There are 2 protein chains.
Amino acid sequence: MFFQSSDLSIRLKSETGVLPDTMTKFRKVSGGVTAAKGFRANAVRAGIKKAGLDLALILSEPVSRCAAVATTNRFCAAPVALNREHLAKGRQVRAVIVNSGNANACTGQRGLADARKTAELIAEQLGCKSVEVLVASTGVIGVHIPMDKVDAGIRDVCGLIAESSSSDRAVEGIMTTDTKPKSAALRFPLGGRTVTIGGMTKGSGMIAPNMATMLAFLTTDAEIPRIILRSMLGRVVRRTFNRITVDSDTSTNDTLVLMANGASGATLHSAEGKDAEIFEQALEEICSDLATQIAADGEGATKLVRVLCEGARTEREAERVARTVADSPLVKTAMFGNDANWGRIVAALGRSGTRFDPAKVDVYLGRVRVVRDGGRANYSEEKATAAISGKEVAIRIVLREGTLSAEVKTCDLSYDYVRINAAYRT
Amino acid sequence: MFFQSSDLSIRLKSETGVLPDTMTKFRKVSGGVTAAKGFRANAVRAGIKKAGLDLALILSEPVSRCAAVATTNRFCAAPVALNREHLAKGRQVRAVIVNSGNANACTGQRGLADARKTAELIAEQLGCKSVEVLVASTGVIGVHIPMDKVDAGIRDVCGLIAESSSSDRAVEGIMTTDTKPKSAALRFPLGGRTVTIGGMTKGSGMIAPNMATMLAFLTTDAEIPRIILRSMLGRVVRRTFNRITVDSDTSTNDTLVLMANGASGATLHSAEGKDAEIFEQALEEICSDLATQIAADGEGATKLVRVLCEGARTEREAERVARTVADSPLVKTAMFGNDANWGRIVAALGRSGTRFDPAKVDVYLGRVRVVRDGGRANYSEEKATAAISGKEVAIRIVLREGTLSAEVKTCDLSYDYVRINAAYRT
């Protein structure tokens, strides 16, 4: 039913041209967050969410340098606040503990104490400092986390991870009502060594009532100074995870953590040069792949919708145009209905707040040009409908104002979106 | 099924406190856009839309001073561009001609020529200058308007309006797939005379595929200098029509026209003083009433949702908070599902871009406080559910950062919204 992520990354490469030829050096491998050397992961059922694994642990041995980004939502959850504190104090990360089923958001001082206790329990089990532990939560907002269950679960998962590592179980442990697990890993040569970047993610809007959050965890066995790690991650996230939208709602818990433990023996000494370029490309490829998996698995999604804006004066303007179109419920419902309704696309474009000359605008659905010079192009309605009736739709807007472009990925808006979100919490 | 506008205006008054005691002087009257002296209106079927009346004319005798606001969409429709030109050149308006079924948007130079010809045909029939005629269109984007039908229709409607005036027919003539006609009128004493303000409007998002546009036409028999009319209208529209949202999409054709012909003998000489205050209050009341009718008749709406933000530092911040919550598809689907899901409200609030201290926030659903000091309040789930299960829902957010407030009105997001918008254009 859904579009395959492995296909996508290749198509994205060739069509958007974001990633240059060095891409061919990247080899997809299995193992997700555990594909890189020195990372283990596993999950147990602690009984926090209704069914399934709900407490996942990622372990770095040796210890990792770390960069992270988190939600800008003012109601940030307790774990988000705790991680900020830990990353400010500490310089390395040993473990990330993630629970699903409870967001620990809007839970006040007690919520913060619960998150802190969680990190302490992990530190105790692993024999590390609690500032070396990060915490992430996803699930119901406004309910205190059941610490007795977390306590018992932490003993279980620490015991289990000592025996075995399972990327698949870890992914399951962080899912709420995602319809599919989401992970990816790439392997490539770097400075004469072989380096791997792996990752897993979850989220598809705020899937079930009160369930929120995009979480992503990335691991690499390259050794990278923290300052380089942070600037790379900032740039890459801006172009990948920050360019997907399911319903324009930003969660209280969004967290992305990138850990680099150096276990491959490869070291990135400088932010400049070919090695840095290669690593950043691989990181962008992984993040783009994971982000696209989220968009394609959006709530009620029947198709992935890629909105590309070309010929903008700035990348920021291109992104704003693409995002406005991608967020338009009228465009999204038209995509669901296989309706090549370009009037809605230009209406969204026109209200995007971007300066452009309407008389120069072209719009394509797939390869069919439906708008030429700001008015209806000469096209076959049949072909336009065919172009948007598949599992993946490409909307391309050409402004002819400059040379910059940006792509935002989303999904369509279906009856199921309403069904999923209108259901009573039970 | 739907909420009655006459009830609403009274409730809005008392609950929001926007309108002070002088309100009691305003008496609701029938007749909509023709209630004020010296205005006639009627409509005919010209055959532009599939069925029903589709060409409406509003006539002012004596000639009116006029203020207007129009869409900020870059793809503004041809009539919007023409009106801008006419209002810049001319100082008075004799007639407004409105067609439904075709938006005359994205139609290039020919579209502009068609709009210009439409004004000229009216001017010819009425024996006035074409700059004294305004044109408005709503309907399909990107299709040229059938000028032969417009030509014949204009003769018909000019003949008909000479014989009879009908507010009801005029309203029908501007509707696309609104489920109900929308008009209102108020009468009140002003400077020793009796003054009337009337209006009609249409729109409920972009109802049917490719149908767009909010249109509103207001008439008054007070005499008001144009400069006062314009500043009043600007302030009032900002607080009324600009504070409703169905799906956050701004159409290419949005147009609001206010005409003042002085036929009552009452004159507003100054922008200051009691008379100006009374008139502006009446204008706000009419605009609020009409705007609320649009929100309540939003695409697929089963209920009106009023989002009030109180205790903000600025009115602009209050509006931004209210609008972010009102635009959230997650909040709107929860309202459709009668789910008192306040986690989604605080999540939207938190991403609104407004500065506030989460620990001071209270949220009410109707009279039930569900969030206290940023966390879950002690409330009965049953009562919270009851508070949002009616035909009208009030969400109140108290920031405790300042003294200013703003309310944004919207509707819920239902299966019917998707059904209406996902249907093929046929």
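Rules of the game
- Residues numbered from 1 in each chain as written.
- Chains lettered and ligands numbered in written order.
- Predicted model: local features only at pLDDT ≥ 70, side-chain atom pairs only at ≥ 80, totals over all residues.
- Heavy atoms only, no water.
- Pairing = 2+ DSSP bridges.
- Helix = DSSP H or I, 4+ residues; strand = E, 2+ residues; numbered from the N terminus.
- Contact = heavy atoms within 4.5 Å.
- Axes fitted to C-alpha atoms, helices over the stretch in contact; angles between N-to-C directions.
- Parallel < 35°, antiparallel > 145°, perpendicular 65-115°, else oblique.
- Left-handed = near helix turned anticlockwise from the far one by under 90°.
- Nonpolar A, V, L, I, M, F, W, Y, C, P; charged D, E, K, R; others polar.
- Buried area = accessible area lost by both parts, 1.4 Å probe.
- Salt bridge = Lys/Arg side-chain N within 4 Å of Asp/Glu carboxyl O.
- Polar contact = N/O pair within 3.5 Å; in protein donor to acceptor, adjacent residues only side chain to side chain.
- Buried < 20%, exposed > 50% of the residue type's maximum accessible area, 1.4 Å probe, protein only.
- Least-squares fit on C-alpha atoms with pLDDT ≥ 70 in both.
- Phe/Tyr/Trp six-rings, centres within 6.5 Å; stacked < 30°, edge-to-face > 60°.
- pLDDT = per-residue confidence, 0-100.
- Arc of directions from axis to C-beta.

Overview of the sheet that holds strand 15 (residues 404-411) of chain B
Residues and elements named next belong to chain B. Pairing is mixed across the open sheet formed by 6 strands, whose spatial order is 13-12-11-14-10-15. In the strand order of this sheet, the two ends are held by strand 13 (375-376) and strand 15, each with one partner. Here strand 12 (residues 368-372) runs beside strand 13; their pairing, made up of 2 bridges, is antiparallel. Each residue of the ladder has a partner; that of R372, found in strand 13, is G375. Of the strands in this sheet, strand 10 (304-312), strand 14 (392-398) and strand 15 touch helix 8 (residues 315-327), which is tilted by about 25 degrees from strand 15.

Structural notes on the packing of helix 6 (residues 226-239) of chain A against helix 7 (residues 273-296) of chain A
All names here are of chain A. Where helix 6 contacts helix 7, the axes come no closer than 9 Å and their chain directions differ by 40 degrees. Relative to helix 7, the element helix 6 is oriented oblique. Crossing angle aside, the handedness with which helix 6 passes helix 7 is right-handed. On the side of helix 6, the interface is formed by M232, L233, R235, V236 and R239, while helix 7 contributes A276, F279, E280, L283, E284 and C287. The residue makeup of the contact of helix 6 with helix 7, split by class, is 7 nonpolar, no polar and 4 charged.

Considerations on the interface of chain A and chain B
In many reports, interface size means the accessible area that the parts give up when they come together. On the side of chain B, 59 residues touch chain A, which itself brings 59 residues to the contact. Where chain A abuts chain B, roughly 4700 Å² becomes buried across the two surfaces, and 57% of that area is made up of carbon and sulfur atoms. At the boundary of chain A and chain B, one finds 0 salt bridges. Counting the contacts that link chain A with chain B gives 2 residue pairs in polar contact (both at pLDDT 80 or more). Looking at the side of chain A that touches chain B, the elements that each hand over two or more residues are helix 9 (329-336), helix 10 (342-350), strand 13 (375-376), helix 11 (381-387) and helix 12 (415-422) of chain A. Considering each element in turn, the side of chain A that touches chain B owes the most residues, 8 residues, to helix 10 of chain A.

A short note on the pattern of salt bridges
On inspection of all chains with the given rule, the structure shows 54 salt bridges over all chains. Residues R306 of chain A and E392 of chain A are paired through a salt bridge, measuring 2.8 Å at the closest nitrogen-oxygen approach. Highlighted residues: R306 of chain A in strand 10 (residues 304-312) and E392 of chain A in strand 14 (residues 392-398), separated in sequence by 86 residues. Judged on exposure class, the residue R306 of chain A and its partner E392 of chain A are both buried. Linking R419 of chain B and D416 of chain B is a salt bridge whose minimum nitrogen-to-oxygen distance equals 3.1 Å. Of this pair, R419 of chain B and D416 of chain B both sit in helix 12 (residues 415-422), 3 residues apart, which is roughly one turn of the helix. Its relative accessible area of 35% is what places D416 of chain B among the partly exposed residues.

Focus: the relation of the copies chain A and chain B
For these two chains of identical sequence, chain A goes onto chain B by a turn of 180 degrees and a shift of 0.0 Å along the axis, with RMSD 0.0 Å. Such a combination of turn and shift is consistent with a two-fold rotation axis. It is Y415 of chain A whose C-alpha, among those of chain A, lies nearest the rotation axis, at 2.9 Å.

A word on the packing of aromatic side chains
What characterises a pair of aromatic rings is the spacing of the ring centres plus the angle enclosed by the ring planes. Tallied over the full model, the rule gives 9 aromatic pairs over all chains. Aromatic pair F336 of chain A and Y415 of chain A: ring centres 5.5 Å apart, planes at 85 degrees, arrangement edge-to-face. On the criterion of sequence distance, the pair formed by F336 of chain A in helix 9 and Y415 of chain A in helix 12 is long-range, its members being 79 residues apart. Of the residues examined, Y415 of chain A reaches a relative accessible area of 33% and is grouped as partly exposed. Taken together, the ring pairs connect F336 and Y415 of chain A together with F336 and Y415 of chain B into an aromatic cluster.

With respect to the pairing of strand 11 (residues 362-365) of chain A
Sheet faces and side chains relate simply in a regular strand, where the side chains alternate between the two faces. Residues and elements named next belong to chain A. Burial along strand 11 is two-sided: the residues D362 and Y364 and V363 and L365 are all buried. Looking at chain direction, strand 11 and strand 14 are connected through 4 bridges and run antiparallel. Considered in strand 14, the bridge of V363 is made with I397. Here strand 11 runs beside strand 12 (residues 368-372); their pairing, made up of 3 bridges, is antiparallel. Counted as the bridge partner of Y364 is R369 from strand 12. Once strand 11 ends, the chain turns through 2 residues before running back antiparallel as strand 12, passing G366 with a positive phi of about 60 degrees.

Thoughts on the confidence of the model for chain A
Residue and element names in this part refer to chain A. Per-residue pLDDT for chain A averages 87, and the proportion of residues at 70 or more is 90%. Under a pLDDT of 50 for its full length, residues 1-24 has, in the predicted model, 44 contacts with residues more than four places off or in other chains. In the predicted structure, residues 206-212 sits below a pLDDT of 50 and forms 41 contacts with residues beyond four places in sequence or in another chain. For this predicted complex, the interface confidence reaches an ipTM of 0.75, while the overall pTM sits at 0.79.

With respect to helix 5 (residues 167-174) of chain B
Residues of helix 5 of chain B that are buried include every one of S167, A170, V171, G173 and I174 of chain B, and no others. Down the axis of helix 5 of chain B, the smallest arc covering the buried residues is 160 degrees, so these residues share one side.

Digging into the side chain of D289 of chain B
Residues and elements named next belong to chain B. Position of D289 relative to the elements: it lies in helix 7 (residues 273-296). A relative accessible area of 3% means that D289 is categorised as buried. Only 2.9 Å separates the side chain of D289 from the side chain of Q293, close enough to count as a polar contact.

Description of the packing of helix 8 (residues 315-327) of chain A against helix 10 of chain A
Residues and elements named next belong to chain A. The geometry of helix 8 relative to helix 10 is characterised by a closest axis approach of 8 Å and an angle of 130 degrees between their N-to-C directions. Between helix 8 and helix 10, the interaxial angle falls into the category oblique. As helix 8 runs across helix 10, the sense of the crossing is right-handed. Here V321, T324 and V325 of helix 8 lie close against helix 10, whose contacting residues are I345, A348 and L349. For the contact of helix 8 with helix 10, the per-class residue count stands at 5 nonpolar, 1 polar and no charged.

Topic: the pairing of strand 10 of chain A
All names here are of chain A. With 8 of 9 residues buried, strand 10 is to be regarded as a mostly interior element. In this structure, strand 10 lies alongside strand 15 (residues 404-411), joined through 7 bridges in antiparallel fashion. Within strand 15, the position partnered with C309 by the bridge is A406.

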